Amino acid sequence: QVQLVETGGGLVQAGGSLRLSCAASGRTLTSYFMGWFRQAPGKERDLVARIMWTGGSLYYADSVKGRFTIFRDNAKNTVYLQMNSLKPEDTAVYYCAARHSSMRSYDYWGQGTQVTVSS
């Protein structure tokens, strides 16, 4: 089992920044992809960014390229999502998730953290 706990959400004005953290525990994640998803009211949950736990295999949704950065600190077993130049359309619940490299779907999910960007 993998436990994921997100922190760092909140209310920020447009143009501001937030950093989300996802602390992982339970097992070694060297063969896992770590993803940040978001879900706005009435919309589907979409993948925003992804990184292989060992680094590399970076992915960003077009809507966040150049503004968001995903990175990890192996010593702290934590994955981060640095969000800059935030827009009102970034408002959503953000979820951290883990997927073993042999699997197609994400197996483990955090509880989510709310990000609200005011205009």
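Everything that follows concerns the structure shown earlier in this document.
This report concerns the structure included in the present document.

Conventions adopted
Residues numbered from 1 in each chain as written. Predicted model: local features only at pLDDT ≥ 70, side-chain atom pairs only at ≥ 80, totals over all residues. Heavy atoms only, no water. Phe/Tyr/Trp six-rings, centres within 6.5 Å; stacked < 30°, edge-to-face > 60°. Lys NZ or Arg CZ within 6 Å of the ring centre and 35° of its normal. Core = buried A, V, L, I, M, F, W, Y, C linked by side-chain atoms within 4.5 Å. Buried < 20%, exposed > 50% of the residue type's maximum accessible area, 1.4 Å probe, protein only. Helix = DSSP H or I, 4+ residues; strand = E, 2+ residues; numbered from the N terminus. Pairing = 2+ DSSP bridges. Salt bridge = Lys/Arg side-chain N within 4 Å of Asp/Glu carboxyl O.

## Things to note about the packing of aromatic side chains
- Inspection of the entire model under this criterion finds six aromatic pairs.
- Each ring, one from Phe-71 and one from Tyr-80, has its centre 5.0 Å from the other, and the planes form 20°; the classification is stacked.
- Over the face of the ring belonging to Tyr-95 we find Arg-45, whose NZ or CZ atom lies 3.8 Å from the ring centre.
- Positioned above the aromatic ring of Trp-109 is the side chain of Arg-45, whose terminal nitrogen or guanidinium carbon lies 4.7 Å from the ring centre.

## Things to note about the nonpolar core
- If you look at the biggest cluster of nonpolar residues, it comprises 32 residues, and the most contacted ones within it are Leu-4, Met-34, Trp-36, Leu-81, Met-83 and Tyr-94.
- Listed by contribution, the elements that provide at least two residues to this core are β3 (18-25), β4 (32-39), β5 (46-52), β7 (68-73), β8 (78-83), β9 (92-100) and β11 (113-118).

## As for the pairing of β5
- Counted residue by residue, β5 has five buried out of seven residues, so it is predominantly covered.
- In this structure, β4 lies alongside β5, joined through six bridges in antiparallel fashion. Within β5, the position partnered with Phe-37 by the bridge is Leu-47.
- Counted between consecutive antiparallel strands, the loop separating β4 from β5 contains six residues, among which Gly-42 sits at a positive phi close to 75°.

## With respect to the pattern of salt bridges
- Per the counting criterion, the structure on display carries three salt bridges.
- In this structure, Arg-38 and Asp-90 form a salt bridge, with 2.9 Å as the shortest nitrogen-oxygen distance. With a gap of 52 residues between them, Arg-38 in strand β4 and Asp-90 in the loop between β8 and β9 connect regions that are remote in the sequence.
- In this structure Asp-90 comes out as buried when scored by relative accessible area, which is 1%.
- For Asp-90, the salt bridge identified is with Arg-67, shortest N-O distance 2.7 Å. Placement of Asp-90 in the loop between β8 and β9 and of Arg-67 in the loop between β6 (59-60) and β7 is noted, with a sequence separation of 23 residues between them. In terms of burial, Asp-90 and Arg-67 fall into one category: buried.

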